[in-house]
Amino acid sequence: MPRDSHARVVRALAERGYNADREAVTLLAGADDTSAAIDLVTEAAPDDTLVLSAQLVDELLGSSGSVAGTAGGNPSVSTGDSPTESTETVRTSADETTGSPGSPRGDSGSPEPAGADRDTGTGSADRITVTGEFQSTGTGEYEDFLAVFRDRYERLADHLRARVTHRPAATIADMSGGSDAGLIGMVADVRSTAGGNWLVELEDTTGRFPCLVTDESLADEVRSLLYDEVIAVDGQLSDDAGIMFVDSLHVPDVPRTNSPATADRPVRAALVSDVHVGSDQFRADAWEGFADWLHTEAAADVEYLLIAGDMVEGIGVYPGQDEELSIGDIYDQYEQFSEHLKSVPGDLEIVMIPGNHDAVRLAEPQPAFDEQLREIMRAHDARISANPSTVTIEGVSVLMYHGVSLDELIAELPDDRATYDAPAETMTQLLRKRHLAPQYGGSTRIAPEAEDHMIIKSVPDIFHTGHVHKLGYHRYHGVLAINSSCWQSQTGFQESVNLEPDVGYAPIVDLQTLDLTVRQFV
Ligand code: D5M
Ligand code: FE
Ligand code: ZN
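Right, let's walk through the structure included here. (Residues numbered from 1 in each chain as written. Chains lettered and ligands numbered in written order. Predicted model: local features only at pLDDT ≥ 70, side-chain atom pairs only at ≥ 80, totals over all residues. Heavy atoms only, no water.)

1. Re the pattern of salt bridges
Taken as a whole and judged by the stated rule, the model has 26 salt bridges. Note that Glu303 and Arg127 form a salt bridge whose closest N and O atoms lie 3.3 Å from each other. Taken together, the residues span a long stretch of sequence, with Glu303 in strand E10 (residues 302-308) and Arg127 in the loop between helix H4 (54-61) and strand E3 (128-131) at a distance of 176 residues. For the pair Glu303 and Arg127, one class covers both residues: buried. The partner of Lys470 in a salt bridge is Asp421, and the shortest N-O contact between them spans 3.7 Å. Taken together, the residues Lys470 in the loop between strand E15 (462-465) and strand E16 (471-476) and Asp421 in the loop between helix H11 (404-412) and helix H12 (423-433) connect sequence positions 49 residues apart. (Salt bridge = Lys/Arg side-chain N within 4 Å of Asp/Glu carboxyl O. Helix = DSSP H or I, 4+ residues; strand = E, 2+ residues; numbered from the N terminus. Buried < 20%, exposed > 50% of the residue type's maximum accessible area, 1.4 Å probe, protein only.)

See the structure below:
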């Protein structure tokens, strides 16, 4: 983990009496040597400075390339805050879900069920709810980081209290040497020690405490840790009570006993993402093949279509992108996307969330498309929601998240935990951490809000992501994780980073059995 966490930067600045705006914290967290950068900036800042601005930090550090982690903005269109919408959840806690047992089934290749007539009897409004839209409250200031960390800590700690006898870090520091102790905290630091062990520093609302892991059987768990995730440990305090020797380590996780809910009639949902209309590599042939198939009798029971972001290619997403655009105007891209949406059956229920190529703010959570874009994509009366969102279809909850943090997990975790070739296994790491974007200050941009919208509050029955342009599916403790490929051939940019996309696959889930069928349309 080369980067320093935002939490540490915020704290270090606070100790020196400074607040900082969000971009400034990001700059410092991404510096090659964060401590040195903080020292330099706090020493060099004018005496009357209370809040460090990004501009000041940038000036003081120089734009010599010593600061990393600032690239990748999406300058296309910013919509600001999203409207609030009252939402209704059918199930408040999936952990309480009963329903047909979620016995693991074959992951693919199940035969096509016989086509059934589309159910037109029930109003679709009764069968589907979408939650996720939020009113952005974040101003990007220091207080927002404190608020979002506190919210994250408190809510994820709830999942861990049963595993350890938690004492606040400040209390543990006062306990006598040799005592048994348990602690729930955010990962503030992980270092390997000279002796070949790991020192994991955990932080709660009262302070920090160092925890030493010597047990080789915990190595995999420690190597899977990211900054800012919430975990629990228990063990014994050293003789001087200055450190804890860890016996066990727990992540919030999905309960092993989790059993997914299912629909009570045979109905299917197609899960797709990354359409990338407007790219000269967009595969209109594949998309239209998919749309044609949806009109056939074999697809008559496919009543739902979920699209997990990157509707269009966007503009200015990466250097040189304009040379690979077939449509150079963002609104024209959405117009064309809308045309392709008209090809699918008119009675499909469609749910869409944005991705990092879409024209909404890049930082997550991403608000839903604004009125202007909704108007352009009006054709199908699709349900349009935020990234992430939870869609509950006939009792089956689907957590939709575009998937930008998968890149970060793949870059930072060992290959046996996270790779592009096994995206759904990588998704499992997010389920275990019960968080969609665990780490602040890395490559995933996160907007601090009063509430942490990226927490996986209740266990979904299906977890749907895209973004990495790879097809993958995996069942983890009853949750069906699906990454849904893309509709774009390899771009020059992807070639340069050696990304070989899976193109034109539509994973289709039977909501009554949670069986999965994958069809390819190229
Ligand atoms: O993402 C498609 C894939 O391409 C995804 O796995 C990330 C990779 N990608 C996209 N942008 C970058 C940058 N800037 N560096 C490295 N890898 C990247 P998509 O969101 O469709 O572009
Ligand atoms: Fe994409
Ligand atoms: Zn993407």
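Having seen the model, we can carry on.
2. Let's talk about the site of ligand 1
Taken together, 13 residues form the shell around ligand 1, and within it Asn356, His357, Asp407, His467 and His469 come nearest. One nitrogen or oxygen atom from the side chain of Asp310 is found 3.2 Å from an oxygen atom belonging to ligand 1. Between ligand 1 and His469, the relevant distance is 2.8 Å, taken from an oxygen atom to a side-chain nitrogen or oxygen of the residue. For ligand 1, whose free accessible area comes to 460 Å², the fraction covered by protein is 74%. A breakdown of the residues in the shell around ligand 1 according to their chemical character gives four nonpolar, six polar and three charged. (Near = heavy atom within 4 Å. Polar contact = N/O pair within 3.5 Å; in protein donor to acceptor, adjacent residues only side chain to side chain. Areas by Shrake-Rupley, 256 points an atom, 1.4 Å probe, with all protein chains shown as cover. Nonpolar A, V, L, I, M, F, W, Y, C, P; charged D, E, K, R; others polar.)

3. As for the environment of Met186
Examined against the element boundaries, Met186 turns out to sit in strand E4 (residues 180-192). Taking relative accessible area as the criterion, Met186 reaches 8% and is therefore assigned buried.

4. A look at the coordination of the zinc ion (ligand 3)
Around the zinc ion (ligand 3), the protein contributes the donor atoms Asp310 (OD), Asn356 (OD1), His402 (NE2) and His467 (ND1), which lie 2.1 to 2.4 Å from the metal centre. The motif formed by the donor residues of the zinc ion (ligand 3), counted along the single chain, is D-x45-N-x45-H-x64-H. (Donors = N, O, S within 2.8 Å, 3.2 Å for Na, K, Ca; no water.)

5. Concerning the side chain of Arg417
Note on placement: Arg417 falls in the loop between H11 and H12. On the basis of relative accessibility, which here comes to 19%, the residue Arg417 falls in the buried class. Those residues in contact with Arg417 that lie beyond four places of it in its chain are Asp220, Ser224, Glu425, Thr426, Gln429 and Arg432. (Contact = heavy atoms within 4.5 Å.)

6. A look at the environment of Gly235
Note that Gly235 resides in strand E7 (residues 230-237). Linking Gly235 and Ser248, residues 13 residues apart in sequence, is a C-alpha distance of 6.9 Å. Aside from chain neighbours lying at most four places away, what touches Gly235 is Ser179, Asp180, Ala181, Met244, Phe245, Val246 and Asp247.

7. What about the sheet that holds strand E18 (residues 505-510)?
Ordered in space as E12-E11-E10-E9-E18-E19, the six strands form an open sheet in which the pairing is mixed. Whereas interior strands pair on both sides, the edge strands pair on one side only; in this sheet they are strand E12 (383-384) and strand E19 (516-520). For E10 and strand E11 (residues 349-353), the ladder comprises five bridges, and the chain directions are parallel. Across the sheet, the residue bridging to Leu305 is Ile350, located in E11. Together, strand E9 (268-272), E10, E18 and E19 form the strand contacts of helix H8 (residues 284-294), whose direction differs from that of E9 by roughly 175°. (Pairing = 2+ DSSP bridges. Axes fitted to C-alpha atoms, helices over the stretch in contact; angles between N-to-C directions.)

8. Description of the coordination of the iron ion (ligand 2)
In the first shell of the iron ion (ligand 2), the protein supplies Asp274 (OD), His276 (NE2), Asp310 (OD) and His469 (NE2), at 1.9 to 2.3 Å from the metal. Expressed as a motif, the donor residue spacing for the iron ion (ligand 2) is D-x1-H-x33-D-x158-H. Separating the iron ion (ligand 2) from the zinc ion (ligand 3) is a gap of 3.2 Å, bridged by Asp310, which donates to each. A residue pair is termed long-range when its members are at least 10 positions apart, and His276 in the loop between E9 and H8 and Asp310 in the loop between E10 and helix H9 (330-341) qualify at 34 residues. Judged on exposure class, the residue His276 and its partner Asp310 are both buried.

9. Some thoughts on empty space enclosed by the protein
Inspection of every chain in the model, using the stated rule, returns three cavities of 30 Å³ or more. Computed from the structure, the largest cavity encloses a volume of approximately 40 Å³. Along the wall of the largest cavity there are 13 residues; nearest its centre are Val148, Tyr440, Ile446, Asp452 and Met454. Partitioning the lining of the largest cavity into residue classes produces six nonpolar, two polar and five charged. (1 Å grid on protein atoms, 1.4 Å probe; cavity = no way out; pocket = protein on both sides within 12 Å on 5 of 7 lines; lining within 4 Å. Points joined across faces, edges and corners; volume = space filled by probe spheres on them.)

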